[in-house]
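# Inside the fold
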Amino acid sequence: MGTLIGTSLAVGAGESGTRPRLADVGAWLAGSEKGEVAHAHGLTGDVDGKVVLPAGMAGHPVSVAQDGDTTLVLDERTGEVVRIDASQLSAAQSADYGAAGLQLVSGGAYAYVVDPHKGTVQRIDPAMTTPESPPVDVGGKPGAAVVDGEGTLWVPLPDSGTVVPFTKGLKGTAVKVAEAGHDLALTLADGHPVVTDGTAGVMRVLTATGVQGSFDLGDAVTGTDPDDVLVPAGTDGSAVPVLAAGTGDLVVVDVRSRHTTRAHVQTEGHELGAPHLLGKRVYIPDESTGRLLVYDTALSTPAPPVPVTEGAGELELFVRDGLLWVNDPDGSAAAVIDADGEVRHIGKYRTEVPSAREPGDEPIEDSIPTGVPGAPVPPPPGAPNATAPVTDPPSGNPSGDPSGQPPGPGPGGPTQPEPEPGAPGAPQAESRSGAIRITFAKALGATPQRYVLKGAAPDQTVTPDGVGPDGPYTFEVRGGSCDEQYSFTVVAEYGGGKPDKESAPSALARPCIAPGAPRGLTFTPAERGHGGTLTWDAPQDAEGTVTYTVNGPGGSVQITERSHRFEKLRNSTKHWVAVMARNAAGSGTATDGWMDLTPPSQQMTIVNNTANDVPVGIRSLPTTVGSGRPGEIPGNKDGEVTQVTTVHCNVRGQENSYGDETTDVWAYHTFHSPVTNKDIIGYTSDLYVNSRSNPKVWDCE
């Protein structure tokens, strides 16, 4: 393993004697059929670099893991890992992990090989591709893993309902996220791990210490075949799209704002992949036609599909550098789409790409390509103009005329029939704090007098009462219960004897969002410690029935009050605690802190030391047997001096008697010696301190 391999590399077109540089905004795309990976420029779609993989990989399925300057290629049939050196434009290193079906993931200067069959994770050197540690048993059969920007690997274990983090290459404590046997899928949202429980219809935000928020996906997912619940492996921002492929229900959850958008797309008869969100559009790979289905959340309507290949086949999608990349791993077609919906088609197998670098050529640096760009790549048959943005013509306007009406007759032409009334598009529902925002696409055909919303409950108010024919096509519904879900339709009213037309119903939505983090977390220790009362203030957006999950010593409890009492805790310890609020929409970020049970020191007067001049001993342990004597309290025969010491806490130790008193309590204290002018720290029998009668003095432990 770790041997150098000989490969050829082709570089993007340029003037004679010049070498263009690989684009900063670019990505490597697999071409399994030819055993190649091609580097494409994200702003032009041009191929500016190409690597021929080692002999024997042609025709094998390969996957590319790219993070920053690290690009690794995995032969999924043999387990061979190859590193692409972008600065030198070479396939520099390889290592053979000798198994099919492996998963390769990298991020934050770490790379891992996951073996789903053996249930192991192995950290590898991303530069040399060789192992950096032996395989580690993860405790079950792993699902698809992800690596966040800090290099932490997250491995889902559906059989146990847990996710295992590997921080700095070391296995951490499994985080419980679902019931055992639930279907789990991981997404990196804005660099943070999010797990979707497709069985329960819940999305959860994770950290290494546990679940930091959850979102109810509602009826859109609950009861759906978990295999039909599709989520991407990563998103460019904080919004995560979830598609129930069997029903076409689409949910977009923003894990930062906590807003949830619900819509419906036509998916019947399509073989779909995981949806990806870029800008305001959701792109859904349709592998039965080789196209991307597009839903525009800003216009609340489907947009024209984006053709990628000439027929059915696998489509790989990923978001990188604010661009959506689409690749046919088994063919020549690929595309890159920007946030405005502009599509640039990529021809990975361009024959005009120059041949491999010659010995002695200077290294190629990552930057914007120089030289004359190559010829534009013709898009697949039927594809839109490669440089023209894919836009969504207004609903009911197939002609593209801004007026929204079909073209009228030309001079002397026949009279066009009056358009028939049409129904508005199915409403899109967005859950907000205290409200539901309904947006819809305007009706096809004739122009209505106005649009009205139907379906509001008696305790809900709708603003505005009606929407004019020119929009804006939005209603806001305030009120209702967070514990209930609501669906609405939009009615186009035509008047003049024409029939009204009603839209399809919206997806179910709640007039609330998951609450924020509890505020003002405060801990008040109990008398003598060993516990206390934790209190907090209600979070923002605490709508509906709110419950609180308190995670701390002794496990987790769920309560409705904003306080919780802890008992039987160890003193002289800081105990971690976290509180998370939840309503019907989900739970917000946890607020955490420490319950400090460090005993407070008390000033006390020495007792039983006024009858003689015999000193009172200060011991290194709470016993006179086998303990040292670091100092003493001088005798006080005349009782003229009030002797004071600082008591920290008390402990149980050797039993002692003085007169009629007997006790095994010892005071742990600091006495400032008037003889040496120094502090003496140690234990003195409580017969001479009486700290046991002072409720402000705690047990040491």
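Rules behind the numbers
- Residues numbered from 1 in each chain as written.
- Predicted model: local features only at pLDDT ≥ 70, side-chain atom pairs only at ≥ 80, totals over all residues.
- Heavy atoms only, no water.
- Pairing = 2+ DSSP bridges.
- Helix = DSSP H or I, 4+ residues; strand = E, 2+ residues; numbered from the N terminus.
- Axes fitted to C-alpha atoms, helices over the stretch in contact; angles between N-to-C directions.
- Buried < 20%, exposed > 50% of the residue type's maximum accessible area, 1.4 Å probe, protein only.
- Contact = heavy atoms within 4.5 Å.
- Polar contact = N/O pair within 3.5 Å; in protein donor to acceptor, adjacent residues only side chain to side chain.
- Phe/Tyr/Trp six-rings, centres within 6.5 Å; stacked < 30°, edge-to-face > 60°.
- Core = buried A, V, L, I, M, F, W, Y, C linked by side-chain atoms within 4.5 Å.
- 1 Å grid on protein atoms, 1.4 Å probe; cavity = no way out; pocket = protein on both sides within 12 Å on 5 of 7 lines; lining within 4 Å.
- Points joined across faces, edges and corners; volume = space filled by probe spheres on them.
- Nonpolar A, V, L, I, M, F, W, Y, C, P; charged D, E, K, R; others polar.
- Salt bridge = Lys/Arg side-chain N within 4 Å of Asp/Glu carboxyl O.
- Disulfide = S-S within 2.5 Å.

Attention shifts here to the sheet that holds strand β43 (residues 532-537). Taken in spatial order, the three strands of this open sheet run β42-β43-β46, and their pairing is antiparallel. The open sheet has two edge strands with one neighbour each: β42 (519-525) and β46 (563-566). Each strand axis lies, on average, 15° off the axis of its neighbour in the sheet, ignoring direction. Bridging between β43 and β46 involves four bridges; their strand directions are antiparallel.

What follows deals with the environment of threonine 70. Note that threonine 70 resides in strand β6 (residues 70-75). Its relative accessible area of 24% is what places threonine 70 among the partly exposed residues. Sequence spacing of threonine 70 and serine 106 is 36 residues, and the spatial spacing of their C-alpha atoms is 8.0 Å. Aside from chain neighbours lying at most four places away, what touches threonine 70 is Ala65 and Pro126.

Take histidine 672: it is sitting in strand β54 (residues 661-672). Along the primary structure histidine 672 and threonine 645 are separated by 27 residues, whereas in three dimensions their C-alpha atoms are 7.2 Å apart. When sequence neighbours within four positions are dropped, the list of residues in contact with histidine 672 reads Asn677, Lys678 and Asp679. For histidine 672, the side chain forms a polar contact with the side chain of asparagine 677, separated by 2.8 Å. Only 2.9 Å separates the side chain of histidine 672 from the side chain of aspartate 679, close enough to count as a polar contact.

Scanning all chains against the criterion turns up ten aromatic pairs. On the numbers, 4.9 Å between centres and 40° between planes, the contact of tyrosine 668 with tyrosine 683 is tilted. Of the two residues, tyrosine 668 sits in strand β54 while tyrosine 683 sits in strand β55 (residues 679-685), which places them 15 residues apart along the sequence. On the basis of relative accessible area, tyrosine 668 is assigned to the partly exposed category, the value being 26%. Classification of tyrosine 683 as buried rests on a relative accessible area of 17%. An aromatic cluster is defined as three or more aromatic residues linked by ring pairs; in this entry it consists of Phe440, Tyr451, Tyr473 and Phe475.

Quick look at the side chain of threonine 297 now. Looking at where threonine 297 falls in the secondary structure, it is placed in the loop between β29 (291-296) and β30 (301-307). Within the structure, threonine 297 has its side chain in polar contact with the backbone oxygen of lysine 280 (distance 2.6 Å). Beyond its immediate chain neighbours, meaning those up to four positions away, threonine 297 contacts Lys280, Val282 and Gln428.

As a further point, take the pairing of strand β47 (residues 574-583). Residues in a regular strand point their side chains to alternate faces of the sheet. With seven of ten residues buried, β47 lies mostly within the body of the structure. Relative to β47, strand β44 (residues 547-552) runs antiparallel, the two sharing five bridges. Bridge assignment links threonine 547 to a residue of β47, and that residue is arginine 582. In this structure, the hairpin formed by β47 and strand β48 (residues 586-587) is closed by a connection of two residues.

Among the nonpolar cores identified, the biggest contains 18 residues, and Ile436, Ile438, Tyr451, Leu453, Phe475, Phe488 and Val490 are the most heavily contacted of them. For this core, the secondary structure elements donating two or more residues are β36 (435-439), β37 (450-454), β39 (474-479) and β40 (489-493). Beyond its immediate stretch of four places on either side in the chain, isoleucine 436 contacts Ala429, Glu430, Phe475, Glu476, Val477, Tyr486, Phe488, Ala509, Arg510 and Pro511.

Our focus in this paragraph is the layout of surface pockets. Estimated volume of the second largest pocket: approximately 610 Å³. For the lining of the second largest pocket, the secondary structure elements donating two or more residues are β17 (175-176), β20 (202-207), β21 (210-216), β44, β45 (555-559) and β47. In terms of residues, the lining of the second largest pocket owes the most to one element, β47, which gives five residues. Tallied by class, the residues present in the lining of the second largest pocket amount to twelve nonpolar, ten polar and five charged.

Once that is clear, we can look at empty space enclosed by the protein. The full count for this structure, using the stated rule, is one cavity of 30 Å³ or more. Here the largest cavity is characterised by a volume of approximately 60 Å³. Lining the largest cavity are Phe215, Asp216, Arg258, Thr260, Arg262, Ser431, Arg510, Cys512, Ile513, Ala514 and Ala585. Put simply, the parts of the chain that give the lining of the largest cavity at least two residues each are β21 and β26 (260-264).

Glancing now at the pattern of salt bridges. If you walk through the whole model with that rule in mind, you get 19 salt bridges. Measuring nitrogen to oxygen at the nearest pair gives 3.4 Å for the salt bridge that ties arginine 510 to aspartate 216. Of this pair, arginine 510 sits in the loop between β41 (501-502) and β42 while aspartate 216 sits in strand β21, and the two are 294 residues apart along the sequence. With a relative accessible area of 13%, arginine 510 lands in the buried category. A single network of salt bridges, built from pairs that share partners, joins Glu661, Asp686 and Arg692.

Glancing now at the state of the cysteines. The full count for this structure, using the stated rule, is two disulfides. Between the sulfur atoms of cysteine 482 and its disulfide mate cysteine 512 the distance is 2.1 Å. Across the S-S bond of cysteine 482 and cysteine 512 the torsion is about 70°, and the bridge reads as right-handed. Here cysteine 482, found in the loop between β39 and β40, pairs with cysteine 512, found in the loop between β41 and β42; they are 30 residues apart in sequence, far enough to count as distant. Overall, the relative accessible area of 2% leaves cysteine 512 in the buried class. Cysteine 649 shares a disulfide with cysteine 700; S-S distance 2.0 Å. Linking cysteine 649 and cysteine 700, the disulfide has an S-S dihedral of approximately 90° and is accordingly described as right-handed. Linking cysteine 649 in strand β53 (residues 644-658) with cysteine 700 in the segment after β55, this pair joins segments that are 51 residues apart in sequence. There is no split in this pair, since cysteine 649 and cysteine 700 are both buried.

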